[in-house]
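Working through the structure, step by step
What follows is each chain in one-letter form.
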Amino acid sequence: MFNCSNYENHPEDAEIGIAVITNQERSALITSTMSERICTVCGSEFSPVTEESALTPYLTHDIDRFKSSGYAIMKDVEIVGGY
């Protein structure tokens, strides 16, 4: 999960960051790529806040939890392109 460094100043209905669904093998690539991305709401940088793991049967629950916490959900291929 990555927070926008300026999310406190986002409009009330805007996300605070991005939760990226990936596997352990690609996590370093995602972290590296996200350090170069900027927030589409305010243009600020992203910073990693936490890393969680989930079992596939619980993934829908986790996605719902991230969304309710204010995160946009993205797959790793949306961040860095195809494999």
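Before reading further, recall that the structure is shown in the block above.
This text gives an overview of the structure that appears in the document. What you are looking at is a predicted structure, and each value in this text was computed from that prediction instead of being measured.

1. What about the sheet that holds strand S3 (residues 46-48)?
- Pairing within the open sheet is mixed, and its four strands lie in the order S3-S1-S2-S4. The open sheet terminates on both sides in strands that have one partner only, identified here as S3 and strand S4 (71-75). Neighbouring strand axes in the sheet, compared pairwise and without regard to direction, differ in orientation by 30 degrees on average.
- As defined by bridge partners, strand S2 (residues 17-21) adjoins S4 across five bridges and the pair is classed as parallel. For Ala19, the partnering residue across the bridge sits in S4 and is Ile73.

2. Focus: helix H2 (residues 59-68)
- Along H2, the positions that sit buried rather than exposed are Asp62, Ile63 and Phe66. When H2 is viewed along its axis, its buried side chains cluster within an angular range of 100 degrees and face the same direction. Of the exposed residues in H2, those oriented more than 90 degrees away from the buried face are Thr60, His61, Lys67 and Ser68.
- On its buried side, H2 packs onto S2 and S4.
- Following H2 by one or two positions, Gly70 has its phi on the positive side, about 100 degrees.

3. Considerations on the environment of Phe2
- Mapped onto the elements, Phe2 comes out in strand S1 (residues 2-4).
- On the basis of relative accessible area, Phe2 is assigned to the buried category, the value being 6%.
- Here the alpha-carbon distance between Phe2 and Met34, two residues 32 residues apart in the chain, equals 7.8 Å.
- Filtering out sequence-adjacent residues up to four positions away, Phe2 remains in contact with Ile16, Gly17, Ile18, Val20, Ile30, Thr31, Met34, Phe46, Ser47, Pro48, Val49 and Tyr71.

4. What to know about helix H1 (residues 27-34)
- What H1 keeps buried is the set Ser27, Ile30, Thr33 and Met34. Looking down the long axis of H1, one finds its buried residues gathered within 130 degrees of arc, a one-sided arrangement.
- Elements in contact with the buried residues of H1: S1, S2, S3 and helix H3 (76-80).

About the thresholds
Residues numbered from 1 in each chain as written. Predicted model: local features only at pLDDT ≥ 70, side-chain atom pairs only at ≥ 80, totals over all residues. Heavy atoms only, no water. Pairing = 2+ DSSP bridges. Helix = DSSP H or I, 4+ residues; strand = E, 2+ residues; numbered from the N terminus. Axes fitted to C-alpha atoms, helices over the stretch in contact; angles between N-to-C directions. Buried < 20%, exposed > 50% of the residue type's maximum accessible area, 1.4 Å probe, protein only. Arc of directions from axis to C-beta. Contact = heavy atoms within 4.5 Å.

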